[in-house]
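Listed below, chain by chain, are the residues.
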Amino acid sequence: MTLDLAVHEAYRNLTGRDPDSIWRAPGRINLIGEHTDYNDGFVLPFALPQAAYLAAGRREDDMIRIASVDLGEQFETTLAELAPNQDGWHSYLAGVFWALREAGHQVGGADLALASDVPIGAGLSSSAAIECVLVEALNDLYELGIAPMDRAKLARRTENAYVGAPTGLMDQAASTLCTEGHALFLDCRSLEVQQVPLDLAAHGQAILVIDTLTRHSHADGEYATRRADCERASELLGVPALRDVAMEGLDDRLAGLPEERLVRRARHVVTEDQRVLDACAALRSDDLVRLGELMTASHASMRDDYEITEPSVDLAVEVALANGASGARMTGGGFGGCVLVLADQTRLDALAAAVTAAFVESGRSAPATFIALPAAGAGRLI
Ligand code: GLA
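Caption draft 1: Summary view of the overall build of the protein. The secondary structure content of the protein amounts to 11 helices and 13 strands. In terms of C-alpha radius of gyration, the protein reaches 21 Å, essentially the compact-globule figure of 21 Å for 382 residues. With the principal axes as the frame, the protein shows a C-alpha extent of 60 × 50 × 40 Å. By the burial criterion, 57% of the 382 residues in the protein qualify as buried. Sequence-distant contacts in the protein: of pairs separated by 6 or more residues, those separated by 24 or more amount to 72%. For the protein, the accessible surface area stands at approximately 14,900 Å², while carbon and sulfur atoms represent 48% of it. Considering the protein, the positive charge centre built from 31 side chains and the negative charge centre built from 56 side chains are found 2 Å apart.

Caption draft 2: Region of the structure containing the domain arrangement of the protein. Along its sequence, the protein is carved into domain 1 (3-195 + 376-380) and domain 2 (199-372). One C-alpha centre belongs to domain 1, the other to domain 2, and the line joining them spans 26 Å. Tallying the contact residues gives 35 residues for domain 1 and 41 residues for domain 2. Of the roughly 3,000 Å² buried at the junction of domain 1 and domain 2 (both faces included), carbon and sulfur atoms supply 63%. Its largest share of buried area at the contact with domain 2, domain 1 owes to Ile-32, Glu-34 and His-35, together 21% of the area lost on that side. For the pair domain 1 and domain 2, the number of links is three salt bridges. Its salt-bridge partner being Arg-243, residue Asp-187 comes within 2.9 Å of it at the nearest N-O pair.

What counts as what
- Residues numbered from 1 in each chain as written.
- Predicted model: local features only at pLDDT ≥ 70, side-chain atom pairs only at ≥ 80, totals over all residues.
- Heavy atoms only, no water.
- Helix = DSSP H or I, 4+ residues; strand = E, 2+ residues; numbered from the N terminus.
- Rg over C-alpha atoms; globule rule 2.2 N^0.38 Å.
- Buried < 20%, exposed > 50% of the residue type's maximum accessible area, 1.4 Å probe, protein only.
- Contact = heavy atoms within 4.5 Å.
- Areas by Shrake-Rupley, 256 points an atom, 1.4 Å probe, with all protein chains shown as cover.
- Lys, Arg positive; Asp, Glu negative; His and termini not counted.
- Charge placed at Lys NZ, Arg CZ, Asp CG, Glu CD.
- Domains from an automatic or database assignment.
- Buried area = accessible area lost by both parts, 1.4 Å probe.
- Salt bridge = Lys/Arg side-chain N within 4 Å of Asp/Glu carboxyl O.

In structure tokens, the structure reads:
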């Protein structure tokens, strides 16, 4: 059964009637620009076909009822009971009601049925997809008229304040604002966006996603540590954010930092911002060789300077490059998850087979693979 039908049926089981409508919000792959968003920098994600689906209907009281198709569980709460810093799968949804009301939007109760095929913990923004699909639904159901970027910000507020993860804006912006066939360039300071055409098939190329299936349980703590390092480095350098450090004279400027670790963290962010700008230019001039080089350089920077990779993703990148990929890098927050590989379409099967063989040989489970096509951002289905 497709997920839109699954949530429709789950909604009927929950309420005995049809939903007001069904909404969809996608996961994302980040083409390049990692850990730059919370440094006021640049990112270049695109939306995936994998998405969260939500059947929803308004209620006249302040009750929130949620059915999760994937977990086979239900959850109930009221608007009055909502409070930040909650755990559990339902907090990504309950928190959206909280964030909207905190921002002064008149939202009442709702019945919700959710299903998603975005892999959890793979660095593909499964949580942003859930937050964004509900922001979308409530914006329509309660006719709130919230602009797209503000919807993304409210979804991020849910993640930061209600769920308690100190993330940037990239994932929610990608899920909300991406358009089919494009990557989304986002300046995380000005919030300027550009839709950058991404038609790899026209050049006989594709992006293969390799999910290493490695999940890191301490990733949240590491994420916060990296953020703190960046804030300290920018403070010591006397700039509002690492975005403000120029590439020119970078080594000299960073040499003034008191700890080698801070030098490496700052170098990753500053060079990664430049790689995003260069990647946009490469895409606009159809230079996929250059795009591949930038992706591989981004991985090296995450591995050596930002230290957020781990052996499985490094192995996938190394084997992909040795088997004809034009570029490869880990995507997302780090410490496992997915690698994206840019390669000629004709090489994809052999390349995936080589990575799988290397994984099995080294005692790992075979990775999951799929081709990533840039899909549409969040919206109402019917
Ligand atoms: C996670 C966060 C994003 C971003 C990436 C790293 O996906 O949610 O805000 O910081 O990590 O680029």
